[in-house]
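Take a look at the letters that make up each chain.
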Amino acid sequence: MDAPTLPLTPTSPTWVAVALADLDTVHQDHLHCERKAAQSALSLVRSYPDRLDLVLAVSRLAHEETAHVVQVTQLLGRRGVAPTMDFGDEYAAQLYSHVRRGEPARLLDRLLVFALIEARSAERLALLADAIPDEATAILYRGLATAEDRHRDTFLELAAAAAPTEWQARLAVLARAEADVVARLPVRARIH
Ligand SMILES: [Fe+2]
Ligand SMILES: [Fe+2]
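Let us look at the structure shown here. Just so it is clear, the structure is predicted and the values come from calculations on it, not from any experiment.

On to the coordination of the iron ion (ligand 1), then. Protein-derived ligands of the iron ion (ligand 1) are E34 (OE), E65 (OE), H68 (ND1) and E148 (OE), with the metal-ligand distances lying across 2.0 to 2.2 Å. We note that the donor set of the iron ion (ligand 1) lies within a single chain, spaced as E-x30-E-x2-H-x79-E. Its relative accessible area of 0% is what places E65 among the buried residues.

In structure tokens, the structure reads:
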């Protein structure tokens, strides 16, 4: 497949300032983002156990996300901050509302929504890596951003394999929806 292109609207610089001003809350939210990324990936194993290539790719991805849960938990520990309950994620909830019912459209849309969430997460983790003054935390975030970029590509490749003639047009539609969601949500000390 050609190199996937997934143009995102850039995150507002205001978000970086808001996040830096309350990094503990961002890290607490981030813990649950990583947990949900692992669970979302495994949900595909439950739904599509007959697709061997997909099961292998997303279970590996879930393994990495679980490692990220460990890393963010360790970061909270170093900062002397306890994890919290999940604050919820309106961003993801609004994106999921665009997933069509009925197969095979549902599979394609789930893969593309997961790709968009990975892409947005990677963008924001990289922004934090550039802005966080503590070097060890910045290095951690740089590494996580690289991993989420790779996960974006995994989901795009799975989407291309699942719907070779449709995925790019549908991605364009969902990317516009993602841009609208980002534009409408308040800027908060959250990953999304
Ligand atoms: Fe992750
Ligand atoms: Fe990821």
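Counting 35 residues, the largest nonpolar core has L44, L54, L111, L112, F155 and W167 as the members making the most contacts within it. Within the residue set of this core, elements represented by two or more residues are α2 (23-47), α3 (52-78), α4 (90-96), α5 (105-131), α6 (135-162) and α7 (167-184). In terms of residues, this core owes the most to one element, α5, which gives 10 residues. Leaving out residues up to four positions away in the same chain, L112 has contacts with L156, A159, W167, R170, L171 and L174. Counting 22 residues, the second largest nonpolar core, distinct from the first, contains V81, A126, A129 and L144.

Between E103 and the following residue, P104, the backbone shows a cis peptide bond with an omega angle of 5 degrees. Mapping P104 onto the fold places it in the loop between α4 and α5.

This paragraph deals with the coordination of the iron ion (ligand 2). Protein-derived ligands of the iron ion (ligand 2) are E65 (OE), E118 (OE), E118 (OE), E148 (OE) and H151 (ND1), with the metal-ligand distances lying across 1.9 to 2.5 Å. A distance of 3.6 Å spans the gap from the iron ion (ligand 2) to the iron ion (ligand 1), which E65 bridges by coordinating each metal. With a gap of 86 residues between them, E65 in helix α3 and H151 in helix α6 connect regions that are remote in the sequence.

Reading the values: the criteria
- Residues numbered from 1 in each chain as written.
- Chains lettered and ligands numbered in written order.
- Predicted model: local features only at pLDDT ≥ 70, side-chain atom pairs only at ≥ 80, totals over all residues.
- Heavy atoms only, no water.
- Donors = N, O, S within 2.8 Å, 3.2 Å for Na, K, Ca; no water.
- Buried < 20%, exposed > 50% of the residue type's maximum accessible area, 1.4 Å probe, protein only.
- Core = buried A, V, L, I, M, F, W, Y, C linked by side-chain atoms within 4.5 Å.
- Helix = DSSP H or I, 4+ residues; strand = E, 2+ residues; numbered from the N terminus.
- Contact = heavy atoms within 4.5 Å.

As far as function goes, none of this settles anything; it's purely spatial.
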